[in-house]
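Summary of structural features
So you can see what is in the structure, the chains are spelled out below.
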Amino acid sequence: MRTATRHRLDAAWQALRLWLGATVLPAQCALCGMGCPEVLCSPCRAQYLTQGRPRCRQCANPLDDAALLCGRCVRQRPAYDATVTAFDYAAPVDQLLLQLKFGARLALAPLLAELLYVAIQQQQAWEAPQLVCPVPLGPARLAERGFNQALEVARPLARLLDVPLQPRLALRVRETQAQSGVAPQERQANLAHAFAIAPEHGALLQGCHVGIVDDVMSSGHTVHALATACKSAGAARVSILVVARTPPH
C-alpha cells in the first residue's frame with residue numbers, strides 16, 4: 001500500500017512538473033538549449049542516451065565483445081562486486097554532470113537518477129541492494145561546494161529503487177586531493193584509509209548488500225576504497241551505482 005501511494009504521488013508530481021514547465025516555468029534543454037518542459041529534451045535523450053554497449057559487469061568499462069569481465073578485473077578483482085552506469089563520461093553528456101557538480105544545477109540530479117535507474121533495470125539478473133549510500137565528501141570540500149552531488153543523485157535513486165537511503169553510513173575521515181588532480185599512479189594512495197563506517201550504523205552492514213552511489217567513476221579507486229571499508233564492516237556484497245563512467249584511455 002505504501003509503495004502504491006508513493007507511486008501515485010510521484011505520478012502526480014510528474015504531471016505538475018510538466019504543467020509548470022509548459023506554462024509557468026518554461027525551461028531549456030540542459031544539452032542543446034532548446035525550449036522544452038523537461039530538463040532534457042526528447043531528441044537529445046534519444047541521440048545521446050539510448051545507445052547501450054557491452055560493459056564489464058564488475059567495473060562497467062566498455063567491452064569489445066560479449067565477455068562478462070574485462071581483463072583488468074580478471075587479473076585483479078576490486079573490492080566491489082558489480083557496477084552499473086548510465087553513460088560514458090564524454091561530450092556532450094558530460095555537461096550534465098559538470099552543470100550539477102560545478103554549476104550547482106541541482107535540478108539535474110533527479111534526471112541523472114532516472115537515467116541511472118533505467119540502466120539498472122536493463123541489467124540481467126539484477127540483484128537490488130538493501131540500502132544505498134552516497135560517496136561522502138570531506139567537511140572542507142562539502143563546505144566549499146555547499147552540497148554533495150552524490151547525495152543529490154542518491155536521494156531520488158533510492159526512491160526509485162524503493163530501498164532505504166543511508167546518507168551518514170560512511171564518513172570521509174581523511175581529506176584527500178581531488179582525484180582529477182592526482183597523477184594516475186598516485187590515486188590509490190590518495191584514497192588509502194580515507195573512508196570509515198560510522199560506528200552507530202555499523203550493524204546495518206552485517207551480511208548486507210550495499211549500493212554505493214557516485215556521480216563519476218574514473219580509475220575506480222574511490223569506490224574501491226569505500227567498498228573495502230563496507231566489507232571490512234561486514235557487508236556481504238557491494239554494487240557501484242554511478243551516473244557516468246570515464247572510458248579508459
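Note that the structure is a prediction, hence the values are computed from the model and not measured.

Contact pair helix α5 (residues 108–121) / helix α7 (residues 149–161): the axes reach a minimum separation of 8 Å and the direction vectors enclose 45°. Judged on the interaxial angle alone, α7 and α5 are oblique. Once α5 is placed against α7, the crossing between them reads as right-handed. Taken together, the residues of α7 that come into contact with α5 (itself represented by A109, P110, L112, A113, E114, L116, Y117, I120 and Q121) are E152, V153, P156, L157, L160 and L161. Class assignment for the residues of the contact of α5 with α7 results in 12 nonpolar, 1 polar and 2 charged.

Looking now at the packing of helix α4 (residues 94–103) against α5. Viewed as axis vectors pointing N to C, α4 and α5 meet at an angle of 140°, and their least axial separation amounts to 10 Å. For the element pair α4 / α5, the angle class is oblique. The element α4 and its partner α5 pack so that their crossing is left-handed. Here α4 contributes L96, L97, Q99 and L100 to the contact with α5, which in turn contributes L108, A109 and L112.

The next thing to look at is the sheet that holds strand β3 (residues 82–88). Pairing within the open sheet is parallel, and its 4 strands lie in the order β3-β8-β7-β4. Only two strands of the sheet have a single partner each, and these edge strands are β3 and β4 (131–134). Strand after strand, the sheet turns through a mean of 20° between neighbouring axes, direction not considered. Pairing analysis gives 4 bridges linking β4 to strand β7 (residues 209–217), with the strands arranged parallel. Across the sheet, the residue bridging to L131 is V210, located in β7. On the sheet, α4 packs against β3, β7 and β8 (237–245) and is oriented at approximately 95° with respect to β7.

What counts, and at which threshold
Residues numbered from 1 in each chain as written. Predicted model: local features only at pLDDT ≥ 70, side-chain atom pairs only at ≥ 80, totals over all residues. Heavy atoms only, no water. Axes fitted to C-alpha atoms, helices over the stretch in contact; angles between N-to-C directions. Helix = DSSP H or I, 4+ residues; strand = E, 2+ residues; numbered from the N terminus. Parallel < 35°, antiparallel > 145°, perpendicular 65-115°, else oblique. Left-handed = near helix turned anticlockwise from the far one by under 90°. Contact = heavy atoms within 4.5 Å. Nonpolar A, V, L, I, M, F, W, Y, C, P; charged D, E, K, R; others polar. Pairing = 2+ DSSP bridges.

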